[in-house]
Amino acid sequence: METQENSGIVSKIKGLIYSVKEYWHEPAKGNYIPNKEIASLSGAGFGVYWLTLLASAIGLDASNFLVGASIGLKPMDLSVMLIVANLVGIPIGIFRSWYYDNHKLEGGKFLPFIKKTGLPIVLITTAFVWLPYENMEYLTKAVVVWFMYVLLNIFLCFYNESYMYFQQIITPNAQERANVMSISQVIYSLAPTITGFAVPTIAGLTWGLNNIWTYRVIYPFFTISGLIISTIFFRKVKERLILPKKQPEPVRMLDALREVAKNKYYWIIQVAAWVVFLESGYGVILGWSFVYGSGGEHQAMLGTANTIIGNAALWSMLLCPLAIKKMGKRNLLITANSVNIVILIILYFTYKNLILICVLWYINTFINTFWNIVQHNISADMRDYHQWKTGVRVDGLFGPLGMIGTVISFFTGLVYPAIYEKMGLLDDYNVLYDDNMRNNLFEVLIICSAFGALFNLIPFCFYDLTENKHRAYVGVLKIRAMFENHSLGLLEDDELIEVKFTDNERDVFLVTKYGQCIRFDEKDVRPTGRTSMGVRGINLEDGDEVVAMQLDIQGDYLLIVSEKGMGKRTDISEFHVQNRGGKGVKCY
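This structure is a prediction, so every number in the text was calculated from the model and none was measured.

> An account of the packing of aromatic side chains is needed here, citing residue identities and associated values.
Enumeration according to the criterion identifies 36 aromatic pairs in this entry. When the centroid spacing of 6.2 Å and the interplanar angle of 65 degrees are considered together, the rings of Tyr215 and Tyr219 count as edge-to-face. Of this pair, Tyr215 and Tyr219 both sit in helix H9 (residues 212-234), separated by four residues, roughly a single helical turn. No difference in accessibility class separates Tyr215 from Tyr219, as the two residues are buried. A connected cluster of aromatic rings, assembled from ring pairs, spans Phe95, Trp98, Tyr99, Tyr100, Phe110, Phe113, Phe158 and Tyr165. When the ring centre of Trp213 is taken as reference, the NZ or CZ atom of Arg216 above it lies at 4.7 Å. Over the ring of Tyr557 we find Arg569, and its NZ or CZ is 4.3 Å from the ring centre.

Spelled out as C-alpha cells, the structure:
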C-alpha cells in the first residue's frame, strides 16, 4: 500500500515537471502566460516586496518602531503629521491618477513607472535612516521626518500602485490571473518571510528594534538588493490590456470621474476599504508582546515567530485558486472575514499567552492571504466591468474619487492614536513594559478590530459580479477590439490559412491548434464585400487558432498530424455537419 502511495506521489511530481516544461515558452490551452513569464513575474515581485517592505515601514504611526520608538515622536503628533501629509498628497494623487491613463511613455501603461521610481526610493530611504536625529530638537526632528515621508511617498505611491495595477492586467482571464497571483506570491512571499526573520534577529544581536542604528545597517542592504532583483526580472514580463492597437484618445478627467461614480462595484470596494482601518488595530499585539512582554526577554525570538507564522501564507497561496474556483471570490471574502471575527474573539481571552498568540496569528495569516489575493482579483474584475460598460479603459482615474477615503482617514486615523494616549502611551514607549497598561490597551484594540472585521464584511454581501459575468464582459471586449482593429486595418495577428476554389455545394472542415474540428455547409458562409472581415467559421477558445482547412471532396479521410510527429486518420463521415460558428468536436 505504501509503495503504491509513493508511486502515486512520484507520478504527480513527474507530471508537474512535465507540465512546467511543456508550457515554459507557450501558455497552456485557454491561457495567455507561459511558465517562463510566471517565473519572471515571481522574481520581480520578490524584488518589489524586498524594496517596499522597508520603505513602507517609514510610516507616521505610533506602532512603527522606526518613527515611533526609535526616533521618539508622540502618537498624536504623528497623526497630525499624517493628516497634513495626506492633504499635500491629494493634488499629487490626482495628478498621478490622471497621468496613468494619459501618458505616452514607451514600454507599457505601468511598467515604465516601476522601472523609473525604484532608484529614488532607495536613495530617500537610505538618507532617511542616516539623518542625525540624535542631535535634533523635537520640532526639527518632526519637520524633517514629515518632509522625508512626503518626498518618499511621491515615488513610493507611483511604484506600489503601478505594480498593483500591473498585476491586474497580466492576463484578461480571471481564473488564470488568480492562479498566477497565487503562484507568484509563493515566491515573492519569501521576501517578507526573510525580512520578518532577519530584521528582528539582527536587531536582537545589535541595538534592538527601538534604536535608529539598527535601521542604518539594515535599510541600505535590503532596498538596494530589492531594486537589483526587480530590475532584472521586470525586463521579461509584459502587460496584456484588451485594447485596439491605435493610440487611445486622451481620457477627460471629469468624464471619467462621472462614469466611475456610477460603478457600484467600485463603491463596494471603497466602502470596505474605508472601514478596514478599524480591523487593523490588533496588528501591534504580536510585535509588542515579544518586545515589551516579560521585560523584553523574548524580543530576539520575534524573527523566528515571524518566519513560522509567515509560512501559513504559503498554503493559502497554493489553495486560493482552487478556493476561488469552488466558492467564487465574493463567498471566499465573506468566509475569510467571518473566520477573522472568530479569531479576534478567541484572542480576547488568550492574548496573555505568547504561544496562543502565535497560533492565532498563524491562522489569521492563513486566512488573510486569501483575502489579499481575492481583493486584487476583485479590483481587476471591477476595472474590466467598467471598460465593458463605458467603452473606455481607465485605471488611474479611479484614484481621485478614492481621495474621499483620504479625507475620511483624516478622522479615522486619529482613532487609535487617541486610544494610545488615553491609555497612557505618549512619547515614552517604555510604559509598554507595564503588564497592566499593555493588557488593558490590548483588550481595547481587539474589541475595535472585531467590529472592524464585521463592518468590512458587510459591503461584500452586495457584490454580485460573478466569474461567469466577468468572462462574458471580457469576451465582449475582445470582439470590440477585434472589430476596431479591422476597421483601422490593424488586425496584424490574423493571417491567411488556406484558399480553396469551390462550387457552393461542398462541406468545409476547419481544424484548430487545440484539436477541435467543425464541419459545415459552405452555403452557411454568406457572400460579403471584397474588403470585409467575413463571418465566423468556428468559435475558438482563448489561445486557440485555426491551423487547417479542407473540403469534403479532397478524400474520404481526414489525416491529422501533430507538431510532435504523431498522425491520426479519421473517416470524414464521423464528422457530422453542424451550423457555422459552433465549437466543433474533438478530433485529436
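Alright, that's what it looks like, and here's the rest.
> Can you tell me about a nonpolar patch on the surface, naming the residues and giving the values?
Taken together, Ile447, Phe451, Leu454, Phe455, Ile458 and Phe462 make up a surface patch of nonpolar side chains, about 570 Å² in accessible area. Along the polypeptide, Phe451 turns up in helix H19 (residues 435-457).

> Can you break down the pairing of strand E1 (residues 507-512) residue by residue, with the values?
Taken across its six residues, E1 has six buried, putting it largely inside the fold. The alternating pattern of E1 places Asp507, Phe509 and Val511 and Val508, Leu510 and Thr512 on opposite faces, both of which are buried. Linking E1 back to strand E2 (residues 516-521) in an antiparallel pair, the connection comprises three residues, with Gly515 at a positive phi of about 85 degrees. By the bridge criterion, five bridges tie E1 to strand E3 (residues 546-551) in an arrangement that is antiparallel. Counterpart to Val508 in the pairing with E3 is Leu551.

> For the side chain of Ser182, give the residues involved together with the corresponding values.
Summarising the element assignment, Ser182 is placed in helix H7 (residues 174-188). You can call Ser182 buried: its relative accessible area is 1%. Within the local environment of Ser182, its side chain forms a polar contact with the backbone oxygen of Ala178, the two atoms lying 2.9 Å apart. If near-sequence neighbours (up to four positions away) are discounted, Ser182 is found in contact with Met317, Cys320, Pro321 and Ile373.

> Before we move on, can you summarise a positive patch on the surface with the specific residues and values?
A cluster of like positive charges, contributed by Lys36, Lys115, Arg235 and Lys236, occupies part of the molecular surface. With respect to the secondary-structure elements, Lys36 resides in helix H2 (residues 35-56). The exposure class of Lys36 is partly exposed, given its relative accessible area of 40%.

> Requested: an account of the pairing of strand E5 (residues 567-571), with residues and values cited.
Side chains on a regular strand alternate between the two faces of the sheet. Where strand E4 (residues 557-561) lies against E5, five bridges are found, and the strand directions are antiparallel. Residue pairing for E5: Val561 is matched across the bridge by Gly567. What sits between the antiparallel neighbours E4 and E5 is a turn of five residues, in which Gly565 has the positive phi angle 95 degrees.

> Hey, could you go over the environment of Gly204 for me, with residue numbers and the actual values?
Along the polypeptide, Gly204 turns up in helix H8 (residues 190-205). Each C-alpha atom, one on Gly204 and one on Met301, is 8.4 Å from the other, the two residues being 97 residues apart in sequence.

> Requested: an account of the sheet that holds strand E6 (residues 585-586), with residues and values cited.
Across the sheet, four strands lie side by side as E3-E1-E2-E6; this open sheet has antiparallel pairing. Either end of the sheet is taken by a strand with one partner, and the two such strands are E3 and E6. The pairing of E1 with E2 spans five bridges and is classified as antiparallel. Across the sheet, residue Val511 finds its bridge partner in E2, namely Cys517.

> Got a sec to walk through the pattern of salt bridges? Specific residues and values, please.
Between side chains of opposite charge, pairing is possible as soon as their charged atoms come close. Applying the stated criterion to the full structure yields 21 salt bridges. For Arg383, the salt bridge identified is with Asp395, shortest N-O distance 3.5 Å. Here Arg383 is found in helix H16 (residues 354-390), whereas its partner Asp395 is found in the loop between H16 and helix H17 (399-412), with 12 residues between them in sequence. Residue Arg383 is classed as buried on the basis of its relative accessible area, which comes to 5%. Where salt bridges share partners, they join Asp101, Lys109, Arg177, Lys329, Asp381, Arg383, Asp384, Arg393, Asp395 and Glu467 into one cluster.

> Explain the environment of Ile572 residue by residue, including any values.
Topologically, Ile572 is positioned in the loop between E5 and E6. Taking relative accessible area as the criterion, Ile572 reaches 11% and is therefore assigned buried. As for Ile572 and Leu559, which are separated by 13 residues in sequence, their C-alpha atoms are 9.6 Å apart. When sequence neighbours within four positions are dropped, the list of residues in contact with Ile572 reads Phe509, Arg519, Asp552, Gly555, Asp556, Tyr557 and Leu558.

> How would you sum up the packing of helix H4 (residues 75-102) against helix H6 (residues 138-168)? Please name residues and give values.
For any two helices packed against each other, one specifies the crossing angle of their axes together with the interaxial distance. Two elements in contact, H4 and H6, have axes whose closest approach is 10 Å; the angle formed by their N-to-C orientations is 35 degrees. Like other packed secondary-structure pairs, H4 and H6 cross with a definite hand, here right-handed. Residues Asp77, Met81, Leu82, Val84, Ala85, Val88, Ile92, Arg96 and Tyr100 of H4 form the contact with H6, whose own contacting residues are Tyr138, Ala142, Val145, Trp146, Tyr149, Val150, Ile154, Cys157, Phe158, Glu161, Ser162 and Tyr165. Residues belonging to the contact of H4 with H6 are distributed by class as follows: 17 nonpolar, one polar and three charged.

> Break down the side chain of Glu239 for me, citing the residues and quoting the values.
Relative to the helices and strands, Glu239 is located in the loop between H9 and helix H10 (253-260). For Glu239, which is buried and forms no salt bridge, the nearest opposite charge comes from Lys109, at a distance of 7.9 Å. At 2.7 Å, the side chain of Glu239 and the backbone nitrogen of Lys109 are in polar contact. Here the side chain of Glu239 touches Phe110 through a polar contact of 2.7 Å, landing on its backbone nitrogen.

> Account for the environment of Leu286, naming residues and giving values.
Here Leu286 lies in helix H12 (residues 284-292). Measuring from C-alpha to C-alpha, the distance between Leu286 and Trp361 comes to 7.9 Å, with 75 residues separating the pair along the chain. If near-sequence neighbours (up to four positions away) are discounted, Leu286 is found in contact with Leu302, Asn306, Ile309, Ile357, Cys358 and Trp361.

> Go over H16, please, and point to the residues and values.
With 37 residues, H16 ought to run about 54 Å at 1.5 Å a step, and its terminal C-alpha atoms sit 52 Å apart, in line with that. Sitting at the amino-terminal end of H16 is Asn353, which places a side-chain oxygen 3.0 Å from the backbone nitrogen of Ile355. The positive-phi residue at the C-terminal boundary of H16 is Gly391, with phi of around 80 degrees.

Calculation criteria
Residues numbered from 1 in each chain as written. Predicted model: local features only at pLDDT ≥ 70, side-chain atom pairs only at ≥ 80, totals over all residues. Heavy atoms only, no water. Phe/Tyr/Trp six-rings, centres within 6.5 Å; stacked < 30°, edge-to-face > 60°. Helix = DSSP H or I, 4+ residues; strand = E, 2+ residues; numbered from the N terminus. Buried < 20%, exposed > 50% of the residue type's maximum accessible area, 1.4 Å probe, protein only. Lys NZ or Arg CZ within 6 Å of the ring centre and 35° of its normal. Patch = residues over 30% accessible without salt bridge, like charges linked within 9 Å, V, L, I, M, F, W, Y side chains within 5 Å. Areas by Shrake-Rupley, 256 points an atom, 1.4 Å probe, with all protein chains shown as cover. Salt bridge = Lys/Arg side-chain N within 4 Å of Asp/Glu carboxyl O. Pairing = 2+ DSSP bridges. Polar contact = N/O pair within 3.5 Å; in protein donor to acceptor, adjacent residues only side chain to side chain. Contact = heavy atoms within 4.5 Å. Lys, Arg positive; Asp, Glu negative; His and termini not counted. Charge placed at Lys NZ, Arg CZ, Asp CG, Glu CD. Axes fitted to C-alpha atoms, helices over the stretch in contact; angles between N-to-C directions. Left-handed = near helix turned anticlockwise from the far one by under 90°. Nonpolar A, V, L, I, M, F, W, Y, C, P; charged D, E, K, R; others polar. Expected span 1.5 Å × (residues − 1).

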